[in-house]
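Notes for the structure review
Each chain, letter by letter, is given below.
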Amino acid sequence: MTGDNDEAWHRLVEQLREAPAPTESPALPQLYTLVMETGRKVLRAKFPRLSDADHEDVLSEKFTRDLLAIVGASRPRSFFIAAIVRSAIDIKRRSQTRDRYIAQQTHELVEPQP
């Protein structure tokens, strides 16, 4: 399954909603594949400086933690994209803060204060 159109998302989410045991539904791995394809495209376009490992972490974590919310959302694809973008922003901010701290500490070691 390729593409990230809303129709595919809605079809798979509907199958999960109707399944007596959603975690055993064949729609779950299909939705995971769709989530990863869509998410990689979005994160690579919006956050090219984050590593592929960071992208994978965001996608896997959001899918796992937000699965019930994704399935319950009226617009599951939009919900998921908003969630991964927020998560990637958090990672980017933490990285920038860490980088500034390291630069400050390095500067203090190189040029001691009088």
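Structure report, in brief. (Residues numbered from 1 in each chain as written. Predicted model: local features only at pLDDT ≥ 70, side-chain atom pairs only at ≥ 80, totals over all residues. Heavy atoms only, no water.)

Some words on the packing of aromatic side chains
Cut-off, in case you're wondering: Stacked, edge-to-face and tilted are the three classes for Phe, Tyr and Trp ring pairs, Trp counted by its six-membered ring, which pair at centre distances within 6.5 Å; planes under 30 degrees apart are stacked, over 60 edge-to-face, the rest tilted. Helix and strand labels come from DSSP, where a helix needs a run of H or I of at least four residues and a strand needs a run of E of at least two; each type is numbered from the N terminus. Type-normalised accessible area, obtained with a 1.4 Å probe on protein chains alone, sets the label of each residue: buried when under 20%, exposed when over 50%, and partly exposed for intermediate values.
Here the structure, examined in full by the defined rule, presents two aromatic pairs. With a centroid separation of 5.9 Å and 35° between ring planes, the pair formed by Trp9 and Phe80 is classed as tilted. Of the two residues, Trp9 sits in helix H1 (residues 6–18) while Phe80 sits in helix H4 (residues 76–110), which places them 71 residues apart along the sequence. Accessibility expressed as a relative area gives 0% for Trp9, which makes it buried. Taking 5.2 Å as the distance between ring centres and 70° as the angle between the ring planes, the aromatic pair formed by Tyr32 and Phe63 counts as edge-to-face. Here the residue Tyr32 occupies a position in helix H2 (residues 27–46), and Phe63 occupies one in helix H3 (residues 52–72), the gap between them amounting to 31 residues. On the accessibility criterion, Phe63 (7% relative accessible area) is buried.

Some thoughts on the packing of H1 against H3
Where we set the bar: Interaxial angles span 0 to 180 degrees and are taken between N-to-C directions of axes, which are lines fitted to C-alpha atoms, for helices over the stretch in contact. For classification, angles of less than 35 degrees are called roughly parallel, those exceeding 145 degrees roughly antiparallel, those between 65 and 115 degrees roughly perpendicular, and all remaining angles oblique. Should any heavy atoms of two residues lie within 4.5 Å, those residues are considered in contact. Polar here means any residue outside two lists: the nonpolar Ala, Val, Leu, Ile, Met, Phe, Trp, Tyr, Cys and Pro, and the charged Asp, Glu, Lys and Arg; Gly therefore counts as polar.
Across the interface, H1 lies against H3 with an axial gap of 9 Å and an inter-helix angle of 105°. Accordingly, the angle class assigned to the pair H1 and H3 is roughly perpendicular. Contact residues: H1 offers Trp9, Val13, Leu16 and Arg17, while H3 offers Ile70, Val71 and Gly72. Considering only residue class, the contact of H1 with H3 consists of five nonpolar, one polar and one charged.

Overview of H1
The cut-off we apply is this: Residue count minus one, scaled by 1.5 Å, sets the expected span of a helix. The arc in question is traced by the directions running from the helix axis to the C-beta atoms.
The terminal C-alpha atoms of H1, which comprises 13 residues, lie 18 Å apart, in line with the 18 Å expected from a rise of 1.5 Å per residue. When H1 is considered as a whole, its buried residues turn out to be Ala8, Trp9, Leu12, Val13 and Leu16. What you see down the axis of H1 is that its buried residues fit within an arc of 125°, all on one side. Summarising the geometry of H1, the exposed residues directed more than 90 degrees from the buried face are Glu7 and Glu18.

Remember that the coordinates give geometry; whether it matters functionally is a separate question.
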